[in-house]
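# Structure assessment
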Amino acid sequence: MSTTLNVVTSQAYKYGFVTDIEADSVAPGLSEDVIRFISAKKGEPDWLLEFRLKAYRHWLTMAEPEWAKVEYPKPDFQKIVYYSAPKPKKPQYASLDEVDPELRRTFEKLGVPIHEQEALAGVAVDVVFDSVSVTTTYREKLAAVGIIFCSFSEAVKSHPDLVKKYLGSVVPSSDNFYAALNSAVFTDGSFVFIPKGVACPMDLSTYFRINNKESGQFERTLIIAEEGASVSYLEGCTAPQFDTNQLHAAVVELVALDDASIKYSTVQNWYAGDKDGKGGIFNFVTKRGLCKGKRSHISWTQVETGSAITWKYPSCVLLGDDSIGEFYSVALTNHKQQADTGTKMIHIGRNTKSTIVSKGISAGDSSNSYRGLVKVQPKAEGARNFSQCDSMLIGQSSSASTFPYIEVQNRSARVEHEATTSKIGEEQLLYFQQRGIPAEEAISMIINGFCKDVFRELPMEFAVEATKLLSLKLEGSVG
Amino acid sequence: MLSIKNLTASINGTPVLKGIDLEIKAGEIHAIMGPNGSGKSTLGKVLVGHPAYEVTGGEVLYEGRNLFEMAADERARAGLFMGFQHPIEVPGVSNAAFLRLAYNKKAEADGRDELDPLEFDDFIHEKIKLVAMREEFLDRSLNEGFSGGEKKRNEILQMAVLEPKLAILDELDSGLDIDALRVLGEAVNRLQRPDRALLIITHFPRILETIQPQFVHVLSGGRILKSAGKELATELEDRGYDWVLEEAAAGGAR
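Residues numbered from 1 in each chain as written. Chains lettered and ligands numbered in written order. Predicted model: local features only at pLDDT ≥ 70, side-chain atom pairs only at ≥ 80, totals over all residues. Heavy atoms only, no water.

### Here we look at the sheet that holds strand β6 (residues 80–83) of chain B
Residue and element names in this part refer to chain B. Test applied: Strand pairing is defined by DSSP finding a minimum of two bridges between the two strands. A run of H or I in DSSP counts as a helix once it spans at least four residues, and a run of E counts as a strand once it spans at least two, with each numbered from the N terminus. Angular values range over 0 to 180 degrees, each being the angle between N-to-C directions of two axes fitted as lines to C-alpha atoms, with helices fitted over their stretch in contact. Should any heavy atoms of two residues lie within 4.5 Å, those residues are counted as being in contact.
The strand order β6-β9-β10-β3-β11-β12 describes an open sheet built from six strands, whose pairing is mixed. Each edge of the open sheet is held by one strand with a lone partner, namely β6 and β12 (223–228). Strand after strand, the sheet turns through a mean of 20° between neighbouring axes, direction not considered. The sheet contact formed by β6 and strand β9 (residues 166–170) spans four bridges and is parallel. Bridging from a neighbouring strand, M82 pairs with I168 of β9. Its contacts with the sheet put helix α6 (residues 148–162) on β6, β9 and β10 (197–202), and the angle it makes with β6 is roughly 165°.

Okay, here's the thing in structure tokens:
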């Protein structure tokens, strides 16, 4: 393989620094005592502790899933730190100025706007560092229209009824191995509630940062859009560069009532490990949206570029009649990265519609699989699905697989599936170079063309960032 | 303009070019002909910098510069163009955007003004007339779903946009019907100037009826076996390649 491809895809990870900050951590290991410790630390009500313990007891009976096309050493769950928080100088920050300057600098370096006055075009941000939420911007402005946007821990205290009503209603604590683990030990995350008839006036965003070397990150996000409400939510993530693996096992639950709409966008850039596959994040995440109401609409857009291992299937349960589920995904793997990602669209209500557009890009020695389920239940009269799964290979030693599962139990359903595989190789690059276009611009143009159907679903700034990120990730892989 | 001296090249360790000598001056049209597998397409690919081929010896000067010290995209910006035998398809990248980027890269290198999308729109609408291309092809993805003939038309459109000093056209006639061949051949003729040169690589002499070369070379086994004027093309049309090969084997021409 020639050098241009290789040079263009091996750029170093630029978010790999570690913040030197005093952390309040529990000793590694998992037990009922650790769960009680986390719960007590957060001053949780009894019902939540019970929720955790029930999940933990169920988790003990479960085995790690092995059906995904990924290979990795199984994490030793007794070596993980389940609670790590930057030690506050005071128990509560009265303002952001009291936040440890080291921590503020971290987010400045990452380009995350935690000062409202510096915020980009009015995006409200919840910042999660290791196990806890550090700050949430624009809260008053949002509260004025009845929107609740705060850390999960705060929501437990300030809106326990809402949390109790919806927590685990989309992803039950026994759903799968990692969801059960998360339910037992989750530490923080974001909570969003958009009341009836309110269109959220700005994009909401959470920025996740793993800093502690031994810690796992187990965040929990819960977004509820009441009747006729709408919201666009963005999630970004990075982690420092360690030569060990860190576990990230999050759960995201979305609930859309009648005529509500939730758009959830992710640009995932966890540390992916080095070019030989040492280190990197294990990203084992359960994301699911429930289109509970009639004509509700949930749309997932993800750009997955980081993590050593990705195991993630943002899904939609289309319960309400005429509800719509969408999944737009770009998953890029390079070097030794492995991704097994896709979606599930479960059609339960009548005239439900779903669209799946998946673009997998594999470079280096990586493995990239799309795995998706379209299920039409007996009562889902008139259900429709369209799936488009495209794979692009860069270089000689990467691989791409597609595993579409289709289960149709209603004769009136229409399900369409299209798939293609293409390759960026020497011939393609030479064609661009022969027209005077340098290799890096060529790759960027080819990749952007390939991902166009997904990128146009992203909010503007995210789309720009995603484009840059893909080019950066591929630097050095063409040659 | 182009001076090739004793050029040898190999692919995966197998020699394909075994000592090529060729001089091309401004204003000239050369044709390289030869049976399949003779190395004639390889010559074109080596000149534009295909990474699969390794140059093992010899020298190529392009306008006095060592060609092999220039990257493939640099060669292109310096005015070397190749019309590919099998142009690639690129989904999601519009033909117009690709053409404009290529134009602007060249313009930047030449110190000319780059064109914004509206200016380029005017510019390209003049150019497509030359190759009789329908406007809709500009908005389509680059070569995606184009027929063989449409791809070749797009290659010559790119040539018209970039106005290269030296254009290598590899098997332009493959995939073209007789009418399209004439249109594209005439377009190439119209682009020819006293300060430009053409190298036509072809298996069949047919295209040389429209684009008439002053020099015809027969390449086989990685060597140029015979060079002559355009009458050689007619002779090859009548007699095929075997007699040249036999003559060479008998120790006649080198």
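Anyway, onward from the coordinates.
### What about unusual backbone geometry?
Filter applied, for reference: Relative accessibility thresholds used throughout: buried, under 20% of the residue-type maximum; exposed, over 50%; partly exposed, between the two (1.4 Å probe, protein chains only).
Positive phi, close to 60°, is recorded for D259 of chain A, a residue that is not glycine. Within the secondary structure layout, D259 of chain A lies in the loop between β11 (251–256) and β12 (261–268). Given a relative accessible area of 38%, D259 of chain A falls into the partly exposed group. Its identity as a non-glycine residue notwithstanding, N143 of chain B has a phi of 60°, on the positive side. Here N143 of chain B lies in the loop between β8 (141–142) and α6. Take N143 of chain B: its relative accessible area is 0%, and that puts it in the buried class.

### Re the interface of chain B and chain A
Put simply, the rule is: Defined in terms of a 1.4 Å probe, buried area is the accessible area two parts forfeit on being brought together, summed over both. Here a polar contact is taken to be a pair of N or O atoms separated by no more than 3.5 Å, where protein atoms must pair a possible hydrogen donor with a possible acceptor and residues adjacent in sequence count only if both atoms sit in side chains. Under the scheme applied, nonpolar residues are Ala, Val, Leu, Ile, Met, Phe, Trp, Tyr, Cys and Pro; charged residues are Asp, Glu, Lys and Arg; polar residues are all the others, including Gly.
Contacts between the two partners involve 30 residues from chain B and, on the opposite side, 19 residues from chain A. Between chain B and chain A, roughly 2,200 Å² of surface is buried when both sides are summed, and carbon and sulfur atoms account for 67% of that area. Area buried by chain B at its contact with chain A is led by F84, I88 and F98 of chain B, which between them contribute 24% of it. Applying the counting rule to chain B against chain A returns 12 residue pairs in polar contact (both at pLDDT 80 or more). For the side of chain B that touches chain A, the secondary-structure elements that each account for two or more residues are α2 (72–77), β6, β7 (90–94), α3 (95–110) and α6 of chain B. Classifying every residue of the side of chain B that touches chain A gives 20 nonpolar, six polar and four charged.

### Details of the pairing of strand β1 (residues 2–11) of chain B
Residue and element names in this part refer to chain B. Where β1 meets strand β4 (residues 53–62), eight bridges bridge the pair, whose relative direction is antiparallel. Residue pairing for β4: S3 is matched across the bridge by L61. What sits between β1 and strand β2 (residues 14–24) in their antiparallel hairpin is a turn of two residues, with N12 showing a positive phi close to 45°.

### As for the nonpolar core
Residue and element names in this part refer to chain A. Put simply, the rule is: By nonpolar core is meant a set of buried Ala, Val, Leu, Ile, Met, Phe, Trp, Tyr and Cys residues that side-chain atoms within 4.5 Å join together.
Counting 118 residues, the largest nonpolar core has F432 and I447 as its most contacted members. For this core, the element with the most residues is helix α10 (residues 439–455), which contributes 10 residues. In terms of nonpolar packing, the next biggest core, distinct from the first, is built from 34 residues, F177, A249, A308 and Y313 among them.

### A word on the sheet that holds strand β5 (residues 65–66) of chain B
Residues and elements named next belong to chain B. Taken in spatial order, the four strands line up as β2-β1-β4-β5 in an open sheet, and their pairing is antiparallel. One side of each edge strand has no neighbouring strand; the edge strands of this open sheet are β2 and β5. Where β4 meets β5, two bridges bridge the pair, whose relative direction is antiparallel. Bridge pairing in β5 places L61 opposite N66. Strand contacts of helix α1 (residues 40–48): β1, β2 and β4, with the helix running at about 105° to β1, the strand carrying the most contacts.

### Quick notes on the pairing of strand β11 (residues 215–220) of chain B
Residues and elements named next belong to chain B. Burial of β11 is extensive: five of the six residues sit out of reach of the surface. In this structure, strand β3 (residues 29–33) lies alongside β11, joined through four bridges in parallel fashion. Within the sheet, the bridge partner assigned to I32 lies in β11 and is H217. Looking at chain direction, β11 and β12 are connected through five bridges and run antiparallel. Each bridged residue has a counterpart across the sheet, and for V216 the counterpart in β12 is A228. Connecting the antiparallel pair β11 and β12 is a turn made up of two residues, with G221 showing a positive phi of about 60°.

### Concerning the packing of helix α9 (residues 426–433) of chain A against α10 of chain A
All names here are of chain A. Stated precisely, the cut-off is as follows: What sets the label is the angle itself: under 35 degrees gives roughly parallel, over 145 gives roughly antiparallel, 65 to 115 gives roughly perpendicular, and the rest give oblique. Handedness of each helix crossing follows the sense of rotation of the near helix against the far helix: counterclockwise by less than a right angle gives left-handed, clockwise gives right-handed.
Running from amino to carboxyl end, α9 crosses α10 at an angle of 115°, the nearest separation of the two axes being 9 Å. As far as their axial angle goes, α10 and α9 are roughly perpendicular. Crossing of α9 against α10: the hand is right-handed. Within the contact between the two elements, α9 uses Q428, L429, F432 and Q433 and α10 uses A439, A442, I443, M445 and I446. For the contact of α9 with α10, the class distribution of residues is seven nonpolar, two polar and no charged.

### Thoughts on the confidence of the model for chain B
Keep in mind that low pLDDT regions are not for reading the predicted coordinates in detail. Residue and element names in this part refer to chain B. The test is simple: As a per-residue measure, pLDDT reflects the predictor's confidence and takes values from 0 up to 100.
With 99% of its residues at a pLDDT of at least 70, chain B reaches an overall mean of 92. When mean pLDDT is compared element by element in chain B, β6 scores highest at 97, while helix α9 (residues 242–249) scores lowest at 85. Across the assembled chains, the prediction reports ipTM 0.94 with pTM 0.81.

### Considerations on the packing of α10 of chain A against helix α11 (residues 460–474) of chain A
Residue and element names in this part refer to chain A. Where α10 meets α11, the axes come as close as 10 Å, and the angle between the chain directions of the two elements is 140°. As far as their axial angle goes, α11 and α10 are oblique. For the element pair α10 and α11, the recorded crossing hand is right-handed. Contacts from I443, S444, I447, N448, C451 and F455 of α10 reach α11 at A463, A466, T467, L470, S471 and L474. Among the residues forming the contact of α10 with α11, the class breakdown is eight nonpolar, four polar and no charged.

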